[in-house]
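Summary of structural features
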Amino acid sequence: MIEWSSATIKDFQTTLLTWYDEHGRDLPWRQDQEPYHIWVSEIMLQQTQVQTVIPYYERFMDWFPTVAALAEAPEERLLKAWEGLGYYSRVRNMQRCARQIMADYDGQWPTTAAALSELVGIGPYTAGAIASIAFNEPVPAVDGNAYRVFSRLLEIDDDIAKPQTRQVFEDVISKIISPTRPGDFNQAIMDLGSSYMTARQPDSEHSPVKRFNQAYLDGKELDYPVKTKKPRPKPVAYVAVLAKMADQWLMTQRPSTGMLANLWTVPLLRLEDLPLEDWTIATPLEIEAAVSAYFKQEYQLELTAASLPVRPVTHTFTHQKWTIQLLQGTLEPGDLAFFAGKTVTDTELATLPQPKVQAKIWDRYHAR
DNA sequence: CTCCAGGTAA
DNA sequence: TTACCTGGAG
């Protein structure tokens, strides 16, 4: 890691902020310094690129214009607003946070990073972003962009996969951040990280901070940031049951904890949970019979099932790779007392919050 | 298809 | 440390 003199730091601040004043992006959440606006945008941007976030942000503000409105929203509305963005626990945490602000702070946001960190769903990054942008507190906002930008500027070799490394970056950035315009400084770093200093195809030749970029000057840009790899996702085999009862789709709501919590899908059964001799070598006919037996046993529902002659749907999460065979079925009229779900018309179907993997299942079904 | 990026909670 | 989701690049 290299060190900058105080003259270099001042030079960098001026160069960065001058560039930001000229070329910073004009985004919906940069119209004012409302902490609510900053917060919503930051939570969305944690996981998604700007172009995708914009329409979600506009609709979110339309549906939930204030912290008070968000605190009172029905959960299904919340999940619908977040449908397709992923990491659904975040929007539930946002509502818990909104309720904390109403109950503990009388609707007024706390104004320091330390206090913001106490709120549900607000970690060190988001606390720094809100405190610096909305309240002008000179604190760093260390996200993936900051890791990438500063590791290259200063050739910081610490492994960003290790939690302790955050402190190294916070210390470094604290010395470099503009004391007068900390919010703009942090946002300029984000813009730099998504334009000239990208992960795979940086364009430092044209970057406004080219001359400060030690890794670029040394031809080692792509060596930064240093990050150890994660293990491969584990394969899991599923069968999706697209079943109708009296012309209505059978849908299930997932449990309130774990993956895709509270979202709606067609019944998804792990092959290894079905009554099969050996699920790794089961034939379509054996799977049909096993699924019917499972429905009878677990839900007390009479299902006639037929495999669909389509490619399985694949969907990869960080830690699991799902391969999903599609199966079509018809249910005898019966009660759903033992089934965690309901039957819906096509119109009602569209109102249920559903994850991307379910969208893929519908796509494959309709393309058959 | 594979690989990878990205914050917080538990 | 591991779970949580989707999208983009190659």
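Residues numbered from 1 in each chain as written. Chains lettered and ligands numbered in written order. Predicted model: local features only at pLDDT ≥ 70, side-chain atom pairs only at ≥ 80, totals over all residues. Heavy atoms only, no water.

Identification of chain A as Adenine DNA glycosylase from Lactiplantibacillus fabifermentans DSM 21115 is taken from an unreviewed UniProt entry. Taken verbatim from the UniProt record of chain A, the Catalytic activity (unreviewed entry) comment is "Hydrolyzes free adenine bases from 7,8-dihydro-8-oxoguanine:adenine mismatched double-stranded DNA, leaving an apurinic site." (UniProt positions renumbered as here; feature names shortened; annotations may be inferred.)

Okay, helix α11 (residues 182–193) next. In this model α11 runs 17 Å from its N-terminal to its C-terminal C-alpha over 12 residues, within 8% of the 16 Å that 1.5 Å per residue would give. With 11 of its 12 residues buried, α11 lies for the most part within the structure. Tucked inside the fold, the buried residues of α11 contact α1 (6–23), α2 (35–45), α8 (124–135), α9 (144–154) and α10 (165–176). (Helix = DSSP H or I, 4+ residues; strand = E, 2+ residues; numbered from the N terminus. Expected span 1.5 Å × (residues − 1). Buried < 20%, exposed > 50% of the residue type's maximum accessible area, 1.4 Å probe, protein only. Contact = heavy atoms within 4.5 Å.)

In this structure, the amide linkage connecting Tyr-224 to the following residue, Pro-225, adopts the cis form with an omega of -5 degrees. Mapped onto the elements, Pro-225 comes out in the loop between α12 (214–217) and β1 (234–245). Backbone geometry places Tyr-87, a non-glycine residue, at a positive phi of 45 degrees. In this fold, Tyr-87 is placed in the loop between α5 (75–82) and α6 (89–105).

Turning our attention to empty space enclosed by the protein. Empty space left among the atoms is revealed by rolling a probe the size of a water molecule over them. Counting across every chain of the model gives 1 cavity of 30 Å³ or more. Here the largest cavity is characterised by a volume of approximately 50 Å³. Together, Ala-141, Asp-143, Ala-146, Phe-150, Ile-173, Asn-186, Ile-189 and Met-190 line the largest cavity. Of all the secondary-structure elements, those providing two or more residues to the lining of the largest cavity are α9 and α11. Ranked by residue count, the leading element in the lining of the largest cavity is α11, at 3 residues. Classifying every residue of the lining of the largest cavity gives 6 nonpolar, 1 polar and 1 charged. (1 Å grid on protein atoms, 1.4 Å probe; cavity = no way out; pocket = protein on both sides within 12 Å on 5 of 7 lines; lining within 4 Å. Points joined across faces, edges and corners; volume = space filled by probe spheres on them. Nonpolar A, V, L, I, M, F, W, Y, C, P; charged D, E, K, R; others polar.)

What follows deals with the UniProt feature "domain: HhH-GPD" (unreviewed entry) in chain A. UniProt annotation of "domain: HhH-GPD" (unreviewed entry) refers to residues 44–195 when read in the numbering used here. For the annotated span residues 44–195, helix accounts for 64% and strand for 0% of the residues, and the straight-line distance between the end C-alpha atoms is 19 Å.

Turning next to the protein's contact with DNA strand C. Around DNA strand C lies a shell of 19 residues, among which Gln-201, Leu-260, Thr-316, Thr-318 and His-319 are the nearest. Counting only the atoms of DNA strand C that lie within 4 Å of the protein, the sugar and phosphate share comes to 65%. Within the backbone of Met-259, a nitrogen or oxygen atom sits 3.0 Å from a phosphate oxygen of DNA strand C. In the environment of DNA strand C, a phosphate oxygen lies 2.3 Å from a nitrogen or oxygen atom belonging to the backbone of Leu-260. Of the residues belonging to the surface near DNA strand C, the class tally is 8 nonpolar, 9 polar and 2 charged. (Near = heavy atom within 4 Å. Polar contact = N/O pair within 3.5 Å; in protein donor to acceptor, adjacent residues only side chain to side chain.)

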